[in-house]
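Listed below are the residues making up each chain.
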Amino acid sequence: MKRKAYESDHEKNMHISVCLKGGALVSFAVNKNHRHSEVRAIKKARGSQIDTIINLRIKRKSGKIGLSYPCVKCQLAIQEVGIDKIWYSKEDGTFDTYKGYLDPELYGKDG
Ligand SMILES: [Zn+2]
């Protein structure tokens, strides 16, 4: 997942999203051409059922893991296809999860 993130063309933050169904890989995508990885990964799934999405952000400069909480636009896209479990990386390198709600403290981050 980390290695794949380097396919991103974003100058600062490389994002990758992985879509799963029942623990099996459905699709994945990086952020590219100013499009967010979540939206691209969902599109790549081509209507296949997805129950989980995992987000990872890697800072290009330091190689460190960053917060990859989905932005509002992506959260809406995630909800639209019925994904109910979202995992995202945090600054400390761990992952956290939530079930489809908007957290005003965290949303709106770019990437
Ligand atoms: Zn987004």
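Residues numbered from 1 in each chain as written. Predicted model: local features only at pLDDT ≥ 70, side-chain atom pairs only at ≥ 80, totals over all residues.

Undergrad: Would you take a moment to explain the overall build of the protein for this structure?
TA: From N to C terminus, the protein includes 3 helices and 6 strands. Looking at the 111 residues of the protein, the share that counts as buried comes to 35%. Contacts spanning at least 24 positions in sequence make up 51% of the contacts within the protein whose residues lie at least 6 apart. (Helix = DSSP H or I, 4+ residues; strand = E, 2+ residues; numbered from the N terminus. Buried ≥ 20, exposed ≤ 12 C-beta atoms within 10 Å, placed from the backbone. Contact = placed C-beta atoms within 7 Å.)

Undergrad: Help me out: how do you make sense of the nonpolar core in this one?
TA: Side chains of a nonpolar character, in soluble globular proteins, are inclined to be buried together. Membership of the largest hydrophobic core comes to 23 residues, with the highest contact counts inside it found for V18, C19, A41, I50 and I53. Residues within four places of V18 in sequence aside, it is in contact with M1, L25, F28, A41, I53 and I54. (Core = buried A, V, L, I, M, F, W, Y, C linked by C-beta atoms within 7 Å.)

Undergrad: I keep staring at the environment of A41 and nothing clicks. Help me out?
TA: Inspection of the secondary structure assignment puts A41 in helix α2 (residues 37-44). Since 27 C-beta atoms lie within 10 Å of it, A41 is described here as buried. Sequence separation between A41 and V26 is 15 residues; the distance between their C-alpha atoms is 8.9 Å. Apart from residues no more than four positions distant in its own chain, A41 is found in contact with S17, V18, C19, S27, F28, A29 and I53.

Undergrad: Mind showing me how you'd approach helix α3 (residues 72-80) here?
TA: Along α3, the positions that sit buried rather than exposed are C74, Q75 and I78. Taken end-on, α3 shows its buried residues confined to a sector of 105 degrees, consistent with a single buried face. Exposed and oriented more than 90 degrees from the buried face of α3 are V72 and E80. Once α3 ends, the next one or two residues include G82, with phi positive near 80 degrees. (Arc of directions from axis to C-beta.)

Undergrad: Looking at this model, I keep getting lost on the pairing of strand β6 (residues 95-98). Mind explaining?
TA: As defined by bridge partners, strand β5 (residues 85-89) adjoins β6 across 4 bridges and the pair is classed as antiparallel. Bridging across to β6, Y88 finds its partner in D96. Hairpin connection from β5 to β6: 5 residues lie between these consecutive antiparallel strands, with G93 at a positive phi of about 90 degrees. (Pairing = 2+ DSSP bridges.)

The quantities given are spatial measurements derived from coordinates; they are silent on function.
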